[in-house]
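Letter by letter, the chains look like this.
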Amino acid sequence: MATNPKDYVSLRTLLDSLEVGALRFFLSSTSKSQSQKLRYLKGKLTPIVKELWREPQARKGALLEMDCPPGYFDCLGLCVPYPCQDGGANLSAAKKTTATKKR
């Protein structure tokens, strides 16, 4: 399927605004602590991220555990293209299988 450049630019703009807005919110000086702001952002953003990474068949109602695709790392339930930072669980799909077999 060909990518529509206008749609891609629109999505990129949306994502850029989300990223910068979340960082501004987190770093701004308000009456809320950064840990409170982080909890708020996680509560709002994590469900969206998990929905986007779920397998297509899981979106149809089946409850399937998400495995990150090859080249991505599962950092506390979120797929990222780099090893986890700050002691997060660093299990790729291949490592999960190995870890499960060892139990």
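Scroll up to find the structure this text is about.
If you're wondering where the values come from, they're calculated on a predicted model, not measured in any experiment.

Criteria and cut-off values
Residues numbered from 1 in each chain as written. Predicted model: local features only at pLDDT ≥ 70, side-chain atom pairs only at ≥ 80, totals over all residues. Heavy atoms only, no water. Helix = DSSP H or I, 4+ residues; strand = E, 2+ residues; numbered from the N terminus. Expected span 1.5 Å × (residues − 1). Polar contact = N/O pair within 3.5 Å; in protein donor to acceptor, adjacent residues only side chain to side chain. Patch = residues over 30% accessible without salt bridge, like charges linked within 9 Å, V, L, I, M, F, W, Y side chains within 5 Å. Areas by Shrake-Rupley, 256 points an atom, 1.4 Å probe, with all protein chains shown as cover. Salt bridge = Lys/Arg side-chain N within 4 Å of Asp/Glu carboxyl O. Buried < 20%, exposed > 50% of the residue type's maximum accessible area, 1.4 Å probe, protein only. Axes fitted to C-alpha atoms, helices over the stretch in contact; angles between N-to-C directions. Parallel < 35°, antiparallel > 145°, perpendicular 65-115°, else oblique. Contact = heavy atoms within 4.5 Å. Disulfide = S-S within 2.5 Å.

Novice: Describe helix α1 (residues 5–27), and please don't skip the residues or the numbers.
Specialist: For α1, which comprises 23 residues, the first-to-last C-alpha distance of 33 Å matches the rise-based estimate of 33 Å (1.5 Å per residue) to within 8%. Its side-chain oxygen placed 2.8 Å from the backbone nitrogen of lysine 6, asparagine 4 serves as the N-cap of α1.

Novice: Explain a nonpolar patch on the surface residue by residue, including any values.
Specialist: A surface patch of nonpolar side chains, about 360 Å² in accessible area, is lined by Leu11, Leu14, Leu15 and Leu18. You can see leucine 14 is positioned in helix α1. Owing to a relative accessible area of 56%, leucine 14 belongs among the exposed residues under this scheme.

Novice: Explain the packing of α1 against helix α2 (residues 34–53) to me, and be specific about the residues and the numbers.
Specialist: Where α1 meets α2, the axes come as close as 9 Å, and the angle between the chain directions of the two elements is 150°. Judged by the angle between their axes, α1 and α2 are roughly antiparallel. Note on element contacts: α2 touches α1 through Gln34, Lys37, Leu38, Tyr40, Leu41 and Leu45, opposite Leu18, Ala22, Phe25, Phe26 and Leu27.

Novice: Describe the state of the cysteines, naming the residues involved and giving the relevant values.
Specialist: Within this structure, the stated rule accounts for two disulfides. Here cysteine 68 is linked by a disulfide to cysteine 79, with a sulfur-sulfur distance of 2.1 Å. Here cysteine 68 and cysteine 79 share a disulfide; its torsion about the S-S bond, -95°, makes the bridge left-handed. A residue pair is termed long-range when its members are at least 10 positions apart, and cysteine 68 in the loop between α3 (56–59) and β1 (73–75) and cysteine 79 in strand β2 (residues 78–80) qualify at eleven residues. By relative accessible area, which is 3% here, cysteine 68 ends up buried. On the accessibility criterion, cysteine 79 (8% relative accessible area) is buried. Linked covalently through their sulfurs, cysteine 75 and cysteine 84 form a disulfide whose S-S length is 1.8 Å. Its torsion about the S-S bond being -110°, the disulfide of cysteine 75 and cysteine 84 is classed as left-handed.

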